[in-house]
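Coordinate analysis (summary)
Spelled out, the chains give:
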Amino acid sequence: MSCWETFTDYALRSVGIGAKLLPKADFTLCQQFTLIGSGLIWNVYFAALALLFGFFLANALALARIAHSPFIRKPAEWFVFIFRGSPLFIQFFLAYEMLVLLPRTGINLFGITIVTSWLTKAWAGALIVLFLNTAAYSAEIFYGALRSIPKGDLEAAEAYGLTGWHKFRRIQWPTMLRLAWPSYTNEAIFLFQSTTLVFFSGFPAFSQQGDALYYANYFADKTFNPFIPYPIVAFYFVILTLGVIWLFGRINRHLNRHLPQNSRSKIRLRPQLIR
Amino acid sequence: MFAACADPKAIEGLTWAMCYLTSGKHVDFYWSFVTVLALLAITAPVAMALGFGGAMAARSHITPIRWFGKAYTAMVRGVPDIVYFLFFVIALDQGIEYLNHLRVCEDLSQPVFRGLEFHVCPEAKVPPASASPFVNQLYGFGLAVITFAIVFGAFVANVIFGAMQAVPRAQLETGEAYGMSQRQVFRRILVPQMWTYALPGLTNLWMILIKATPLLFLLSVKDIVYYARELGGTKTQAYDYPHPDWRLFYFLGLLVFYLAMTKISEIVLTRISNRLSKGQATAAGEAMRKAAI
Amino acid sequence: MKKLLLATVVLAMTAGFASAQVVRLATEGAYPPFNFINDKGEVAGFERELGDEICKRAALECTWTTNEWDSIIPNLQSGNYDAIIAGMSITDERSKVIAFSDNYYPPTASAYLAASADADIKTGVVAAQVSTIQAAYVAESGATLLEFPTPDETVAAVRNGEAVAVFADKDYLRPFADESNGALVFVGEDVAIGSGIGIGLRQSDTELKAKFDTAIKSMKADGSINALIDKNFGGKGLKF
């Protein structure tokens, strides 16, 4: 079987397109690269959607954390503490164990049946956990950035007559985003890495459709040799990380476009608020 | 443990619960918490040392050492730590035995790697085949500490390298103006001043280290996750204490343990941070100065 | 008196010398009644008793260790232990990389355990432990395979409705069916896969394999292996 045939068979295997069965013999490098690469689709899916949804929740949480009313502030603080204070591994496990307890037939609310069985599938359940998790971490980053907005900026805004929502939308929020962006880039990188835990704790794989690490595990198990598949995963993740750094760097440049060259913040791995 | 527990199937209620929670396996479970704490206590300083070395190497004037340092600090940037854990331990174990093989074995004519099998002479086995299970566990624990320390040392190296860069250039120049050599500037000014910049990052790393411990079971250490899974699973009549699936409760217990660890760490580290910020020309130090007036 | 003491010391030392070869046996410790960690925290079950008896007959000193199922073969090859006694079926795939002793348990019957008698095991969701021969069988059968890292989780998946059935060794599943008060039932025909369960060894360890084979043969010959099976499988296990 040529490498091209392998590619057509397995490139989309992780989403159920292509050959039905996983390779059972040979285990060539081509097979390993293709299948593990195919699993990467799930890593990107989880990370991209969790980051997207998490961004909005994180903004809301950061605002709740600087609120004066304890009824708004306290719940946000607890949410952040629980998700940042416990290992993601345990969060996945607990989430799965709790989600399977939901009634099979769905929940009956005022005559409308809400179907819940899809929640136990990795594509939904694990995504929810990752979404809440990244929201908590990002909220901490945004909160820190909100507190470090230079006082002068806010006074200047008030001098121009900006108040309330206007001040927030035109001054506070853009400044916060600009200050938080380097840390947020690190959060994104680490979220991508965390997605390898999805099929590793709690959530089971259906029809042998899993992420990159799942297939690496499969090959390590079949070839009894861990020294090839895991470095392949590492290789893919290095590329993925470079991609994330590039993309977030572009956005960073956009956020900093109004500043003079020498005072722009560069993206460096500054692990102060990473997970 | 107690006389009343001699026949577990005959007892019930509170006595059953008491006997169940003090069974040999549960005692092992409680000890595994100590294992995790011990791992944290040992790994943290080792990782610090490795990280410090890595950061120094990355700043070295000798090119190959600098490359090595840079490569080490870059190692964790792109690759999930779990991937390292999955093959590091076997590689490390084989590496140690291979070195030992070259040192103690008399007959070196046989290849060490035969296909997928790895062969060293019996004397080179670490730990020796006759070692007690305890020694084997200790060895496994040692391997886990080294693996954790290498991975987290790379994180530490990143933080310390950044902190060294962050020390204001003027402070170093002042030292030079006083006639200090490069070495003296490094030891007397750069390293003491660096800590205040490194602390936020190191604090955060400690939190990450705590949260990475559930992956210990990947390194063949019987940690709290291993026991929580093992004890929580459905137990049939083959066991002394049959019960349905209780994993949820065991894992909730672990969640509470980790949250408590985080809370305690936060309190202690805030204190350290306040002490280090005293008299520093940073925002935190300035705030303390103002508060004191 | 002194002489007697000396004699016993010498005897003890030579005895220690004779059994100097320590063989490390590995098992999974999560597959009752084959092997499990009992409430005292020790390895127990059919394979524990069998392994101890084999070592006695082969005059070997054996110690037990547990290892995750996932990495049980790489660690054998890396020399972290000398033999695997973990309910491991003898398959062609595995025989390529490790050697197996004579089987000490007949070719196992695998069975589907489901929550209802009319469960759809042909096309429905069937749970199995990852990287077992049963998982490979389900993947080929046309059913949707749901994989879990431990055997215990596969049964839990049927209980909570995630899977319609679990496919595993019948001997492992039987206690769950017996103790469920009819909530879990066997469905469909038993399936015979594999060629029995054997002790996994490094291919280069021919000497150890010979010793184990002899011990297993002698246990088969005098019926003690059947007695052990009877004792541990509640009289329902397969016999030689």
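Below or above, wherever it landed, is the structure these notes cover.

1. Digging into the overall build of chain B
Helix and strand content of chain B: 10 helices and two strands. Starting at the N terminus and walking to the C terminus, you meet the elements of chain B as α-α-α-α-β-β-α-α-α-α-α-α. In terms of overall dimensions, chain B is more spread out than a globule: its C-alpha atoms have a radius of gyration of 25 Å, far above the 19 Å expected for 293 residues. Within the span of chain B, comprising 293 residues, buried residues form 49% of the whole. Once local pairs closer than 6 in sequence are excluded, the contacts in chain B between residues at least 24 apart make up 66%.

2. Observations regarding the packing of helix α2 (residues 29-65) of chain A against helix α5 (residues 122-147) of chain A
All names here are of chain A. Where α2 contacts α5, the two axes come as close as 5 Å, and the packing angle between them is 45°. By the angle class used here, α2 and α5 are oblique. When the axes of α2 and α5 are compared, the crossing they make is right-handed. Class assignment for the residues of the contact of α2 with α5 results in 25 nonpolar, four polar and two charged.

3. Quick word on the state of the cysteines
Applying the stated criterion across every chain, the model contains three disulfides over all chains. One disulfide bridge connects C3 of chain A with C30 of chain A, the sulfur atoms lying 2.0 Å from each other. Sign of the S-S torsion, about 95° for the bond between C3 of chain A and C30 of chain A, identifies this disulfide as right-handed. With a gap of 27 residues between them, C3 of chain A in helix α1 (residues 3-10) and C30 of chain A in helix α2 connect regions that are remote in the sequence. Of the residues examined, C3 of chain A reaches a relative accessible area of 45% and is grouped as partly exposed. Across the disulfide, C55 of chain C is cross-linked to C62 of chain C (sulfur-sulfur distance 1.8 Å). Its S-S torsion of about -90° marks the bond between C55 of chain C and C62 of chain C as left-handed, since a negative value means left-handed. The pair formed by C55 of chain C and C62 of chain C is uniform in burial state, with each residue classed as buried.

4. Description of the side chain of N103 of chain C
Looking at the element boundaries, N103 of chain C is found in the loop between β7 (99-100) and β8 (109-114). Setting aside chain neighbours within four positions, we find N103 of chain C in contact with I90, S195, G196, I197, G198, I216, K220 and F240 of chain C.

5. Digging into the interface of chain C and chain B
The partner chain B presents 31 residues to the 31 residues of chain C that form the contact. In total, about 2,800 Å² of surface goes out of reach between chain C and chain B, with carbon and sulfur atoms giving 47% of it. Taken together, the connections running from chain C to chain B amount to 12 residue pairs in polar contact (both at pLDDT 80 or more). Those elements that place two or more of their residues in the side of chain C that touches chain B are β1 (22-27), β3 (35-37), α3 (72-77), α6 (151-159) and α7 (170-178) of chain C. Among the residues forming the side of chain C that touches chain B, the class breakdown is 10 nonpolar, 12 polar and nine charged.

6. Description of the nonpolar core
Grouped together as the largest cluster of nonpolar side chains are 202 residues, with contacts concentrated most on F142 of chain A together with Y104 and F212 of chain C. The residues that make up this core include at least three from each of domain 1 (19-106 + 195-232) and domain 2 (109-192) of chain C. The contact partners of F142 of chain A, leaving out residues within four places of it in the chain, are F55, A58, N59, A62, M176, L177, A180 and Y184 of chain A. Core analysis: the second largest hydrophobic core is formed by 17 residues, Y112, A135, V138 and F167 of chain C among them.

7. What to know about the pairing of β8 of chain C
All names here are of chain C. The element β8 is extensively covered by neighbouring structure, given that six of its six residues are classed as buried. Taken together, the five bridges between β8 and strand β12 (residues 185-192) define a ladder with antiparallel strand orientation. When the sheet's bridge partners are listed, S110 is paired in β12 with V191. The pairing of β8 with strand β11 (residues 165-169) spans five bridges and is classified as antiparallel. Across the sheet, residue Y112 finds its bridge partner in β11, namely F167.

Reading guide: rules and limits
Residues numbered from 1 in each chain as written. Chains lettered and ligands numbered in written order. Predicted model: local features only at pLDDT ≥ 70, side-chain atom pairs only at ≥ 80, totals over all residues. Heavy atoms only, no water. Helix = DSSP H or I, 4+ residues; strand = E, 2+ residues; numbered from the N terminus. Rg over C-alpha atoms; globule rule 2.2 N^0.38 Å. Buried < 20%, exposed > 50% of the residue type's maximum accessible area, 1.4 Å probe, protein only. Contact = heavy atoms within 4.5 Å. Axes fitted to C-alpha atoms, helices over the stretch in contact; angles between N-to-C directions. Parallel < 35°, antiparallel > 145°, perpendicular 65-115°, else oblique. Left-handed = near helix turned anticlockwise from the far one by under 90°. Nonpolar A, V, L, I, M, F, W, Y, C, P; charged D, E, K, R; others polar. Disulfide = S-S within 2.5 Å. Buried area = accessible area lost by both parts, 1.4 Å probe. Polar contact = N/O pair within 3.5 Å; in protein donor to acceptor, adjacent residues only side chain to side chain. Core = buried A, V, L, I, M, F, W, Y, C linked by side-chain atoms within 4.5 Å. Domains from an automatic or database assignment. Pairing = 2+ DSSP bridges.

These results come straight from atomic positions and should not be treated as a statement about function.
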